[in-house]
Amino acid sequence: MYFGAVEAGGTKMICAVADDQMTIIDQIAIPTTTPQETLAQIFVFFDRYSLVAMGVGSFGPIGVDPAKESYGYILATPKKGWTDFDFLGSLKERYKIPFAWTTDVNAAAYGELKQGAAKGKTSCIYLTVGTGIGAGVVVNGEIFQGNGHPEMGHIRVKRHPSDDYEGTCPYHGDCLEGLAAGPSLEARTGIKGQELPEDHPIWGIQAYYIAQALMNYTLTLAPEKIILGGGVMNQEHLLQKIRQQFTEQMAGYMETPEVNEYIVRWALPNQSGIIGSLLLGKDAANQKGFLV
Ligand code: ADP
Ligand code: ZN
């Protein structure tokens, strides 16, 4: 019995097939070009299997409300050719099986909850700090989405006193993503994040913003675990700086788990999203009675 999953990103589509133990038996990465070209390659990969169900964790924003016409669509993305593309519909047309459909970060949060850093918990937040900033939320063991999905990367943050950078977000300028995603590091310093030395003052500014976001999420949702992923979080010293800032900013107001246990790195590096998507696909099959 095989399950399929797609972790759809703006740069690449990771496609995987797993057996009923959720062990991945086949996986590829397909470059994200035009929807037609990309889908053709996705079909070549999955056509070789007889799948029971499929889970998709997609870059967004996406339509997640089944009552709306936009359900399954990629919405206002800057990625050329993908705006208002019926991604889920195109997959469903090809494969007449149950589908799960959510954001890439929601899928990653679910993967980490079931098999990663938040295993055994019922709630967590997964935050990626990469080309953009996005977060996924699991509450009571289920992905949280309502009238659309949260966009927690675009919250407002208080400015660091020594930062006057205008921000990279095309919508808001200096929202969290505008001030703290990977491209903002390079825009401020002229140096790519991965090449910035550990003692560069930018990391203090970076930690100040991310810690504020984590405090706001904690105050709003009180999750059991916050998991950080994405390219920028490869800076190990940054995690420690974020924890320190978080503790300082929270100022003892709210009780959280011990900070080193509470704010952690992903446990499934680069795999949280695809594993979460597989698990969601299996859940979808269960709900539709496809698995007995
Ligand atoms: P994406 O978000 O596109 O899926 P990544 O999570 O790898 O991809 O994020 C890419 C961004 O992260 C780029 O802005 C890059 O400069 C930055 N980045 C990647 N690796 C590191 C690193 N080791 N340290 C700091 N920044 C990094
Ligand atoms: Zn923004």
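Further up the page is the structure itself.
Residues numbered from 1 in each chain as written. Chains lettered and ligands numbered in written order. Predicted model: local features only at pLDDT ≥ 70, side-chain atom pairs only at ≥ 80, totals over all residues. Heavy atoms only, no water.

Colleague: Sorry, what's going on with the packing of helix 5 (residues 182–189) against helix 6 (residues 202–221) here?
Modeller: The description of two packed helices rests on the angle between their axes and on the distance between the axes. Contact geometry of helix 5 with helix 6 gives a least axis separation of 11 Å together with a crossing angle of 145 degrees. Every pair of crossing elements has a handedness; the one defined by helix 5 and helix 6 is right-handed. Where helix 5 approaches helix 6, its residues Leu185, Arg188 and Thr189 are matched on the opposing element by Ile202, Trp203, Ile205, Gln206 and Tyr209. A per-class count over the contact of helix 5 with helix 6 returns five nonpolar, two polar and one charged. (Axes fitted to C-alpha atoms, helices over the stretch in contact; angles between N-to-C directions. Helix = DSSP H or I, 4+ residues; strand = E, 2+ residues; numbered from the N terminus. Left-handed = near helix turned anticlockwise from the far one by under 90°. Contact = heavy atoms within 4.5 Å. Nonpolar A, V, L, I, M, F, W, Y, C, P; charged D, E, K, R; others polar.)

Colleague: Looking at this structure, I do not really get the packing of aromatic side chains. What am I missing?
Modeller: Aromatic rings in a pair are described by how distant their centres are and how their planes are angled relative to each other. Enumeration according to the criterion identifies 13 aromatic pairs in this entry. Taken together, a centroid distance of 5.4 Å and an interplanar angle of 80 degrees make the contact between Trp82 and Phe85 edge-to-face. Judged by its relative accessible area of 0%, Trp82 falls in the buried class. Joined through ring pairs, the aromatic side chains of Tyr2, Phe43, Phe45, Phe46, Tyr49 and Tyr95 make up one cluster. (Phe/Tyr/Trp six-rings, centres within 6.5 Å; stacked < 30°, edge-to-face > 60°. Buried < 20%, exposed > 50% of the residue type's maximum accessible area, 1.4 Å probe, protein only.)

Colleague: Sorry, what's going on with the site of ligand 1 here?
Modeller: Around ligand 1 lies a shell formed by Gly130, Thr131, Gly182, Pro183, Gly193, Gln194, Gly230, Gly231, Val232, Asn234 and Gln235. Note that an oxygen atom of ligand 1 is positioned 2.7 Å from one of the side-chain N or O atoms of Gln194. Contact between ligand 1 and Gln235: a nitrogen atom at 2.8 Å from a side-chain N or O atom of the residue. Its free accessible area being 560 Å², ligand 1 has 66% of it covered by the protein chains. Looking at the shell around ligand 1 residue by residue, the class counts come to two nonpolar, nine polar and no charged. (Near = heavy atom within 4 Å. Polar contact = N/O pair within 3.5 Å; in protein donor to acceptor, adjacent residues only side chain to side chain. Areas by Shrake-Rupley, 256 points an atom, 1.4 Å probe, with all protein chains shown as cover.)

Colleague: So what exactly am I meant to see when it comes to the sheet that holds strand 8 (residues 124–129) here?
Modeller: Through backbone hydrogen bonds, the strands of a sheet pair up, either in parallel or in antiparallel fashion. Read across the sheet, five strands follow the order 10-9-8-11-12 without closing on themselves; strand pairing throughout is mixed. Sheet topology places strand 10 (142–143) and strand 12 (263–265) at the edges, where each strand pairs with a single neighbour. Pairing geometry for strand 11 (residues 226–229) and strand 12, over three bridges, is parallel. Its bridge partner being in strand 12, Leu228 is matched across the sheet by Arg265. Contacts from helix 3 (residues 104–115) reach strand 8, strand 9 (133–139), strand 10 and strand 11 within the one sheet, and its direction differs from that of strand 9 by about 50 degrees. Along the sheet, helix 6 contacts strand 8, strand 9, strand 11 and strand 12; its crossing angle with strand 8, the most-contacted strand, is approximately 155 degrees. (Pairing = 2+ DSSP bridges.)

By themselves, these are just geometric observations and shouldn't be taken as functional.
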